[in-house]
Amino acid sequence: MSTAIDQQVVTFQEQFKRVKEEVSKVIVGYGDIIDGVIMSLLASGHVLLEGVPGLGKTKLVSTLSDVMRLKFSRVQFTPDLMPADITGTNVVQEDALGEKFLEFQPGAIFSNIVLADEVNRATPKPQSALLEAMEGRSVTVGKTTHKLDSPFFVLATQNPLEMEGTYPLPEAQLDRFFMKLKVDYPTRDSLHIILNRTTKTNEPRVDRVLGQGEVLAMRKTVRAVPIARPVQDYAIRITLATHPTPPHAKALTMKYVRYGSSPRGAQALVIGGKIRALLENRLHVSCEDIRSVAYGALRHRVLLNFEGEAERMDPDTIIKEILEKTAEPN
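What you are looking at is a predicted structure, and each value in this text was computed from that prediction instead of being measured.

**Q** How would you sum up the overall build of the protein? Please name residues and give values.
**A** A tally of regular secondary structure across the protein gives 15 helices and eleven strands. Here the C-alpha radius of gyration of the protein, 21 Å, is about what a compact globule of 330 residues would show, namely 20 Å. Each of the 330 residues in the protein was classed as buried or not, and the buried ones make up 49%. Put simply, the protein shows about 16,700 Å² of open surface, and 52% of that area lies on carbon and sulfur atoms. Across the protein, the mean location of the 41 positive side-chain charges is 3 Å away from that of the 40 negative side-chain charges.

Next comes the structure, spelled out in structure tokens:
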């Protein structure tokens, strides 16, 4: 039995490493971002990527779908986007006898990996259509509910600079993303590599190393990793410390936070911790595993009050204090 479990862990590590290596052939200098995206996919979650245009966010998603042999679709969110453009709609058709009937035409959401590009540029209706599908893994058109394929993974992007004419996602909808990852500007050395790869005759090509069944098997392996109750309690105390109410709140939280993480934040800490434990060749979750995923899991779930907004407080600064002042179990 132990040998079978050990083999599962080795297989998981090898498959994760192969996917990351293939994606890294195209995407330069964003190892942590690639890790976070793959982790979210394996956790049955979704990702919100924040970064200025031109940093390779779209390329990252399309490359990931190629490497994993998964169906990919892209939706450019614009102010005139309609919910039916995402979910699909019933279209009147005519058969050979001239009889008319309604036939469902699937929208872009019917893919394994969906890129919602600049999600904050569309009005709330298409945003909610996307986010409803993220939560329920199904789409209802008329009176019929259509199930989405598994795995189903949404990666949404938003530009933090141009906020004119945008519709920021409400807090309750932000909470449906497993992680929020910040894509920073590449370093000087990374820019050299990017230019070398993209301005010559042969652009890098990736191999397809994983299939749909293997992704689903990796998800099962993640869920099977045990977590001790004290470590789980540590994740819970970190989550509670994001709220501005005693006894768990820290100084910055009480001063700058209006509302903290929902239970989904604690779930993200635990599942993300399980994946990191497997990558570190362990069959149990440690406090360090919880801390390593805390920023991605919680930064979009810490809602600032008026004072925090006015002083442009970074939620990451608040999370850093929480991690420093939340005691590990004895």
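Okay, back to it.
**Q** Just give me the short version of the sheet that holds strand β1 (residues 47-50), but keep the residues and values in it.
**A** Here we have five strands laid out as an open sheet, ordered β2-β5-β8-β1-β9, and parallel in their pairing. Of all strands in the sheet, those bounded by a partner on one side alone are β2 (72-76) and β9 (179-182). Across this sheet, the average inter-strand angle for adjacent strands is 20 degrees, counted without regard to direction. Two strands pair when backbone bridges link them, and β2 and strand β5 (residues 113-117) are joined in this way by five bridges, in the parallel orientation. Looking at the pairing, Ser73 lines up with Val114 of β5. Of the strands in this sheet, β1, β2, β5 and β8 (153-158) are in contact with helix α3 (residues 57-67), which crosses β5 at around 170 degrees.

**Q** Residue-level account of the environment of Thr58, with values.
**A** Of note, Thr58 is situated in helix α3. Among the residues examined, Thr58 registers a relative accessible area of 29% and is labelled partly exposed. Along the primary structure Thr58 and Val26 are separated by 32 residues, whereas in three dimensions their C-alpha atoms are 12 Å apart. Other than its neighbours up to four places away in sequence, Thr58 contacts Arg74, Leu115 and Asp117.

**Q** Could you give an account of the packing of aromatic side chains, with specific residues and numbers?
**A** Taken as a whole, this structure holds two aromatic pairs when the rule is applied. Ring geometry for Phe104 and Phe110: centres 5.6 Å apart, planes at 70 degrees, overall edge-to-face. Owing to a relative accessible area of 18%, Phe104 belongs among the buried residues under this scheme. The exposure class of Phe110 is buried, given its relative accessible area of 16%.

**Q** Residues and numbers for the pairing of β5, please.
**A** Counting buried positions over the five residues of β5 gives five, a clear majority of the element. Residues of β5 alternate between two faces, with Ile113, Leu115 and Asp117 on one and Val114 and Ala116 on the opposite face, all of them buried. Two elements, β5 and β8, share four bridges in a ladder whose sense is parallel. Residue Leu115 lies in a different strand from β8, and its bridge partner there is Leu155.

**Q** Which residues make up the pattern of salt bridges, and what values go with them?
**A** Scanning the model with the defined rule gives 21 salt bridges in all. Among the salt bridges present, the one from Asp117 reaches Arg74, with a minimum N-O distance of 2.8 Å. Pair noted here: Asp117 is in strand β5 and Arg74 is in strand β2, with a separation of 43 residues, a long-range link. Overall, the relative accessible area of 42% leaves Arg74 in the partly exposed class. The shortest N-O distance in the salt bridge between Lys325 and Glu321 comes to 3.5 Å. A residue pair is termed a helical-turn pair when its members lie 3 or 4 positions apart in one helix, as Lys325 and Glu321 do in helix α15 (residues 315-325) at four residues. Among the charged side chains, a network of salt bridges with common partners joins Glu135, Asp175, Arg264 and Arg301.

**Q** Tell me about the packing of helix α9 (residues 229-240) against helix α11 (residues 263-279), and name the residues and values.
**A** At a minimum axis distance of 9 Å, the contact between α9 and α11 shows a crossing angle of 140 degrees. One element, α9, and the other, α11, form an angle in the oblique class. Both α9 and α11 take part in a crossing whose hand is right-handed. Residues Ala235, Ile238 and Thr239 of α9 form the contact with α11, whose participating residues are Gly265, Ala266, Leu269 and Val270. By residue class, the composition of the contact of α9 with α11 is five nonpolar, two polar and no charged.

**Q** Can you break down the side chain of Ser65 residue by residue, with the values?
**A** Its place among the elements puts Ser65 in helix α3. Residue class for Ser65 comes out buried when judged on its relative accessible area of 3%. A polar side-chain atom of Ser65 sits 2.7 Å from the main-chain carbonyl oxygen of Ser62. Excluding its chain neighbours within four sequence positions, the residues that come into contact with Ser65 are Leu70, Phe72 and Ile113.

About the criteria used
Residues numbered from 1 in each chain as written. Predicted model: local features only at pLDDT ≥ 70, side-chain atom pairs only at ≥ 80, totals over all residues. Heavy atoms only, no water. Helix = DSSP H or I, 4+ residues; strand = E, 2+ residues; numbered from the N terminus. Rg over C-alpha atoms; globule rule 2.2 N^0.38 Å. Buried < 20%, exposed > 50% of the residue type's maximum accessible area, 1.4 Å probe, protein only. Areas by Shrake-Rupley, 256 points an atom, 1.4 Å probe, with all protein chains shown as cover. Lys, Arg positive; Asp, Glu negative; His and termini not counted. Charge placed at Lys NZ, Arg CZ, Asp CG, Glu CD. Pairing = 2+ DSSP bridges. Axes fitted to C-alpha atoms, helices over the stretch in contact; angles between N-to-C directions. Contact = heavy atoms within 4.5 Å. Phe/Tyr/Trp six-rings, centres within 6.5 Å; stacked < 30°, edge-to-face > 60°. Salt bridge = Lys/Arg side-chain N within 4 Å of Asp/Glu carboxyl O. Parallel < 35°, antiparallel > 145°, perpendicular 65-115°, else oblique. Left-handed = near helix turned anticlockwise from the far one by under 90°. Nonpolar A, V, L, I, M, F, W, Y, C, P; charged D, E, K, R; others polar. Polar contact = N/O pair within 3.5 Å; in protein donor to acceptor, adjacent residues only side chain to side chain.

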